[in-house]
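Residue-level structure breakdown
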Amino acid sequence: MNKTSVPSSDSIERQWFLVDAENQTLGRLATEVASVLRGKTKPNFTPHLDTGDFVIVVNAEKIKVTGKKSDQKLYRRHSGRPGGMKVETFKALQSRIPERIVEKAIKGMLPHTRLGRQLFTKLKVYKGSDHPHAAQEPKILNLHSESVTK
């Protein structure tokens, strides 16, 4: 009978990856980034442990969606007060805070537990092509998805 090995927290090596979101489809980018954050691309993946890597997403304002989603997709938030619901379209949120669109898409694909919140802290999203993580020497992560051509 084979034994299942559980990696110790000291043996987990985390890398930094850089993803360029320019002309990428939102959902396809989010699934692959969530997989890397979770650690599913590694041979020592363990469902209940944080074995994933850090991911930096740049050019968040140049992300694309297909169909009529730019006009019809809605983002809701609530202040917690009665009548405190705010609704905003994809296009309006992209012009105001484009990082939030990518963060919300990726966060929805992570576990909705303490582990998911811990994994989410390893995601860094930036509006432009500049980021303050040059000292970590991130490797460029090539995504399998095709870019949107419009």
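What comes next is a walk through the structure. Bear in mind the structure is a predicted one, so any value in this text is a computation, not a measurement.

Here's the deal with the overall build of the protein
Helix and strand counts for the protein stand at five helices and six strands. Secondary structure elements in the protein, listed N-terminal to C-terminal, are β-α-β-α-β-β-α-α-α-β-β. Projected onto the principal axes, the alpha-carbon positions of the protein cover approximately 55 × 40 × 30 Å. Intrachain contacts of the protein at a sequence separation of at least 6 include 69% that bridge at least 24 residues. As displayed, the protein offers around 9600 Å² of accessible surface, 49% of which is attributable to carbon and sulfur atoms. The distance from the centre of the 27 positive side-chain charges to the centre of the 15 negative ones in the protein is 10 Å.

What to know about a positive patch on the surface
Taken together, Lys69, Lys73, Arg100, Lys104, Lys107, Arg114 and Arg117 make up a surface patch of like positive charges. Those elements that provide at least two residues to the positive patch are helix H4 (98–107) and helix H5 (114–120). With three residues, H4 is the single largest residue contributor to the positive patch. The exposure class assigned to lysine 69 is partly exposed, which follows from its relative accessible area of 38%.

Focus: the pairing of strand E1 (residues 16–20)
Among the five residues in E1, four count as buried, and that is most of the element. Of the pairings in the sheet, the one linking E1 to strand E2 (residues 54–58) comprises five bridges and is parallel in character. Within E2, the position partnered with leucine 18 by the bridge is isoleucine 56. Taken together, E1, helix H1 (residues 26–38) and E2 form a β-α-β motif whose crossover is right-handed. Examined bridge by bridge, E1 and strand E6 (residues 139–140) share two bridges and lie parallel to one another. Bridge pairing links phenylalanine 17 to lysine 139 in E6.

Conventions used here
- Residues numbered from 1 in each chain as written.
- Predicted model: local features only at pLDDT ≥ 70, side-chain atom pairs only at ≥ 80, totals over all residues.
- Heavy atoms only, no water.
- Helix = DSSP H or I, 4+ residues; strand = E, 2+ residues; numbered from the N terminus.
- Contact = heavy atoms within 4.5 Å.
- Areas by Shrake-Rupley, 256 points an atom, 1.4 Å probe, with all protein chains shown as cover.
- Lys, Arg positive; Asp, Glu negative; His and termini not counted.
- Charge placed at Lys NZ, Arg CZ, Asp CG, Glu CD.
- Patch = residues over 30% accessible without salt bridge, like charges linked within 9 Å, V, L, I, M, F, W, Y side chains within 5 Å.
- Salt bridge = Lys/Arg side-chain N within 4 Å of Asp/Glu carboxyl O.
- Buried < 20%, exposed > 50% of the residue type's maximum accessible area, 1.4 Å probe, protein only.
- Pairing = 2+ DSSP bridges.
- Right-handed = clockwise from strand over helix to strand, strands pointing away.

What is shown is where atoms sit, not what they do.
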